[in-house]
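An overview of the molecular structure
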Amino acid sequence: DKGNHRHFMAKEIHEQPEVISHTLANYIDMAEATVTVPDLGIDPEALQRVTMSACGTAYYAGLVGKYWIERYARLPVEIDVASEMRYREPPLSQGGLSLFVSQSGETADTLAVLRHAKAEQQRIAAVVNVRTSSIARESDVVLPTLAGPEIGVASTKAFTCQLSVLACLALGLARARGELTREEEHDLVQALIEVPRHISTILRNEEQFEAIASMLSKARDVLYLGRGTSYPLALEGALKLKEISYIHAEGYAAGELKHGPIALIDENVPVIVVAPRDELFEKTVSNMQEVATRGGQIILISDAAPEAVGCKVAAHIAMPTACEFTNPLLYAVPVQLLAYHTAVIMGTDVDQPRNLAKSVTVE
Ligand code: F6R
């Protein structure tokens, strides 16, 4: 049932404040603003390394998780797409933790890496949405996302729920490893608790996406740029756009621009810049200026005013200012909405894009 939405994807985008709250409530003590560390059956202080693997959107959630776990828990994380890690069969050192992310829990490549990790005697934890799935069953520890059934082939609410769980896991590991003061934990958990309210604000301003989507619908290629935790968001934005609107899109780390993709820039290429005003903002701004100099059409997604970037901006998506830690959860929403509204204009089958399956159970 799509309720009063035209597509399941729209319904699922709008469900995010609710399902994120629901998911967070499973990992947070709301009254105390503390994280309830999931018992991984492994000593977090003795842990040397985390290995992560997933596919597609779940992989991008994992990539954000890597930035968070490394930053807050000071724990090295290796991550790779499951189709690569599967045949690379990396050696995994004794006593390691392997973490998998999957909405369906049935993705063949992810499951294959899980089995490899098991054979290498890793502790297996999985962030999964379907609790009865193969990945859930074969894991030592299940960290459920409480997104509810996701019908649209393009993942939306599962992604932000995966981010919610990974954020709590990062803080839980950080606390257990003595990397987080009680006050820091309180502030970061409080920021997570505020995420659903911020997302509701973004969703209330949905009309602003239509004009920009109309601009994107005329493009042949679209570039997405971001730095730090906004880099995986750029990758996710490009994936969402290409899979449902069939417009060619690439996500790049903003700093990689001059190592190749800048050659593509001219007045016909919209460049979507995911740039919250965080500690990397000024770096991204200089990349934006390089794009503007070459005539690129900048679409800025930021809580900073377009005047703050010192170059011409074709469109601006105004974001609420939130804690830097939780920005990936907020910035997921505008990239979803841009892809959705562009696909609606293009007249594609939004919920069932061509050639794609919801669950990839064969390699
Ligand atoms: C993209 C999308 C896919 C899935 C990927 C992994 O919108 O939905 O990229 O994220 O196929 O699927 P799961 O999470 O079920 O393992």
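Rules used throughout
Residues numbered from 1 in each chain as written. Predicted model: local features only at pLDDT ≥ 70, side-chain atom pairs only at ≥ 80, totals over all residues. Heavy atoms only, no water. Helix = DSSP H or I, 4+ residues; strand = E, 2+ residues; numbered from the N terminus. Pairing = 2+ DSSP bridges. Axes fitted to C-alpha atoms, helices over the stretch in contact; angles between N-to-C directions. Contact = heavy atoms within 4.5 Å. Phe/Tyr/Trp six-rings, centres within 6.5 Å; stacked < 30°, edge-to-face > 60°. Buried < 20%, exposed > 50% of the residue type's maximum accessible area, 1.4 Å probe, protein only. Salt bridge = Lys/Arg side-chain N within 4 Å of Asp/Glu carboxyl O. Near = heavy atom within 4 Å. Polar contact = N/O pair within 3.5 Å; in protein donor to acceptor, adjacent residues only side chain to side chain. Areas by Shrake-Rupley, 256 points an atom, 1.4 Å probe, with all protein chains shown as cover. pLDDT = per-residue confidence, 0-100.

The subject of this paragraph is unusual backbone geometry. You will see that Arg 74, though not glycine, has its phi angle at about 50 degrees, which is positive. By secondary structure assignment, the location of Arg 74 is in the loop between α3 (56-73) and β4 (77-81).

Spatially, the 5 strands line up as an open sheet ordered β4-β3-β5-β6-β7, and their pairing is parallel. The open sheet has two free edges, formed respectively by β4 and β7 (141-144), since each of these has just one partner strand. This sheet shows a mean twist of 20 degrees between the axes of neighbouring strands, independent of strand direction. Bridge analysis of strand β3 (residues 50-54) against strand β5 (residues 97-102) gives 4 bridges, and the strand direction is parallel. Its bridge partner lying in β5, Val 50 is registered against Leu 97. Across the face of the sheet, α3 comes into contact with β3, β4 and β5 while running at roughly 170 degrees to β4.

What the rule picks out here adds up to 3 aromatic pairs. Measuring from ring centre to ring centre gives 5.0 Å for Tyr 72 and Phe 325, while their planes differ by 70 degrees; the resulting arrangement is edge-to-face. Remark: Phe 325 occurs in the loop between β12 (315-318) and α13 (327-346) and Tyr 72 occurs in helix α3; sequence separation between them is 253 residues. Classification of Tyr 72 by relative accessible area gives buried; the value is 13%. The rings of Trp 68, Tyr 72 and Phe 325 are connected pair by pair, giving a single aromatic cluster.

Applying the stated criterion across every chain, the model contains 17 salt bridges. One salt bridge in this structure joins Glu 78 and Arg 88, with 2.8 Å as the shortest N-O distance. In this pair, Glu 78 sits in strand β4 while Arg 88 sits in helix α4 (residues 82-88), placing the two residues 10 residues apart along the sequence. Looking at Glu 78, the relative accessible area reads 24%, which means it is partly exposed. Owing to a relative accessible area of 39%, Arg 88 belongs among the partly exposed residues under this scheme.

What follows concerns the site of the ligand. Around the ligand sit 14 residues, and of these Ser 102, Gln 103, Ser 104, Thr 107 and Glu 243 come closest. Contact distances for the ligand include 3.2 Å between an oxygen atom and a backbone N or O atom of Thr 57. Measuring from an oxygen atom of the ligand, one finds a backbone N or O atom of Val 153 at 3.3 Å. Relative to its unbound accessible surface of 410 Å², the ligand loses 89% to contact with the protein. If you list the elements that add at least two residues to the shell around the ligand, you get α3 and α11 (230-245).

Attention shifts here to the confidence of the model for the chain. Scored by pLDDT, the chain comes out at a mean of 96, with 100% of its residues at no less than 70. Interface confidence for the predicted complex, given as ipTM, is 0.99, next to a pTM of 0.98.

Before going further, it helps to examine the sheet that holds strand β8 (residues 221-226). Spatially, β9-β8-β10-β11-β12 is the arrangement adopted by the 5 strands of the open sheet, whose pairing is parallel. Edge strands, defined here as strands with exactly one partner in the open sheet, are β9 (248-253) and β12. With direction set aside, neighbouring strand axes in the sheet form an average angle of 15 degrees. When strand β11 (residues 297-302) meets β12, the two strands line up parallel, connected through 4 bridges. What sits directly across from Ile 299, in β12, is Ala 315. Running over the sheet, helix α10 (residues 208-217) touches β8, β10 (270-274), β11 and β12 and is turned about 145 degrees from β12. Contacts from helix α12 (residues 281-293) reach β8, β10 and β11 within the one sheet, and its direction differs from that of β11 by about 160 degrees.

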